[in-house]
Amino acid sequence: QVQLVETGGGLVQAGDSLTLSCTTSRIFRINGMGWYRQAPGKQRELVAFTAFTISRGITNYAESVKGRFTISRDNAENTVFLQMNSLKPEDTAVYFCNVVIGNPPRAYWGQGTQVTVSS
C-alpha cells in the first residue's frame, strides 16, 4: 500500500511560519499531491494541491491561504512541502497530506500533523 509520512507541525504564534513535509512510499504514477486541513468541528477542506504534469507551476489554493502558503515538491516528485507564512489563529487545524495515484485515480491520506497558532 501507499504510505505517507508527514512532519513539521507544531505550536506557533500568530505571524510565525512553519513548513510541512510529506513523503510517499512510491514514486510512480502519481497524478498529484497536496494538503488538506480539518479544524475542530469543521469539515476537511483543501488547502493546496499541485498536479504532476509535464507543465510546471499548476496549483490550486484555498482563498484563505493565497499569498501566505506555498506548495512545492522535490525533484524526485515523491515529497511535497507546504510553506506557511503569516500564520493566523484560524489556520489551527490538523493538516493531512493527500496523494492521487493511478487510473482510475485513487486518493491516499497521511495520518495528519497538528498545527496550532496562538494569538
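Please read all numbers here as calculations on a predicted model, not as lab measurements. (Residues numbered from 1 in each chain as written. Predicted model: local features only at pLDDT ≥ 70, side-chain atom pairs only at ≥ 80, totals over all residues. Heavy atoms only, no water.)

Student: Summarise the packing of aromatic side chains; cite the residues concerned and give the values.
Tutor: Here the structure, examined in full by the defined rule, presents 1 aromatic pair. Relative to Trp109, the ring of Tyr36 lies with its centre 5.0 Å away and its plane at 70 degrees, an arrangement referred to as edge-to-face. Of this pair, Tyr36 sits in strand β4 (residues 30-38) while Trp109 sits in strand β10 (residues 106-109); the two residues are 73 residues apart in sequence, bridging distant segments of the chain. Look at Tyr36 and you get buried, because its relative accessible area is 18%. On the accessibility criterion, Trp109 (36% relative accessible area) is partly exposed. Lying over the aromatic face of Phe96, Arg44 brings its terminal NZ or CZ to 3.9 Å of the ring centre. The ring of Trp109 carries the charged tip of Arg44 above its face, separated from the ring centre by 4.7 Å. (Phe/Tyr/Trp six-rings, centres within 6.5 Å; stacked < 30°, edge-to-face > 60°. Helix = DSSP H or I, 4+ residues; strand = E, 2+ residues; numbered from the N terminus. Buried < 20%, exposed > 50% of the residue type's maximum accessible area, 1.4 Å probe, protein only. Lys NZ or Arg CZ within 6 Å of the ring centre and 35° of its normal.)

Student: Talk me through the pairing of strand β9 (residues 93-101); I want residue IDs and the actual numbers.
Tutor: One face of the sheet, then the other: side chains in a regular strand alternate in exactly this way. The buried fraction of β9 amounts to 8 of the 9 residues, a majority that puts the element mostly inside the structure. In this sheet, β9 lies alongside β4 in antiparallel orientation, the contact comprising 8 bridges. The residue bridging Gln38 from the neighbouring strand is Val94, located in β9. As paired strands, β9 and strand β11 (residues 113-118) are joined by 3 bridges and run antiparallel to one another. (Pairing = 2+ DSSP bridges.)

Student: Quick one: what's the story with the nonpolar core, residue by residue and with numbers?
Tutor: Trp35, Leu82, Met84 and Tyr95 are the most contacted members of the largest nonpolar core, which totals 28 residues. Ranked by residues supplied to this core, first place goes to β9 with 5 residues. (Core = buried A, V, L, I, M, F, W, Y, C linked by side-chain atoms within 4.5 Å.)

Student: Outline the sheet that holds strand β3 (residues 18-24), listing residues and values.
Tutor: Here 4 strands make up an open sheet; going across it, the order is β1-β3-β8-β7 and the pairing antiparallel. Both edges of this open sheet fall to β1 (4-7) and β7 (69-73), since each of them pairs with a single strand only. Between one strand axis and the next, the sheet turns by 15 degrees as a mean value, whatever way the strands run. Relative to strand β8 (residues 79-84), β3 is paired through 6 bridges, and the arrangement is antiparallel. When the sheet's bridge partners are listed, Leu20 is paired in β8 with Leu82. (Axes fitted to C-alpha atoms, helices over the stretch in contact; angles between N-to-C directions.)

Student: Describe the pattern of salt bridges, and please don't skip the residues or the numbers.
Tutor: A complete count under the given rule lists 4 salt bridges for this structure. For the salt bridge of Glu63 with Lys66, the shortest nitrogen-to-oxygen distance reads 2.7 Å. Relative accessible area serves as the criterion here: at 45%, Lys66 is assigned to the partly exposed category. Across the salt bridge formed by Asp91 and Arg68, the nearest N and O atoms sit 2.8 Å from each other. Linking Asp91 in the loop between β8 and β9 with Arg68 in the loop between β6 (59-61) and β7, this pair joins segments that are 23 residues apart in sequence. Judged by relative accessible area, Asp91 falls into the buried class, the value being 1%. The exposure class of Arg68 is buried, given its relative accessible area of 11%. (Salt bridge = Lys/Arg side-chain N within 4 Å of Asp/Glu carboxyl O.)

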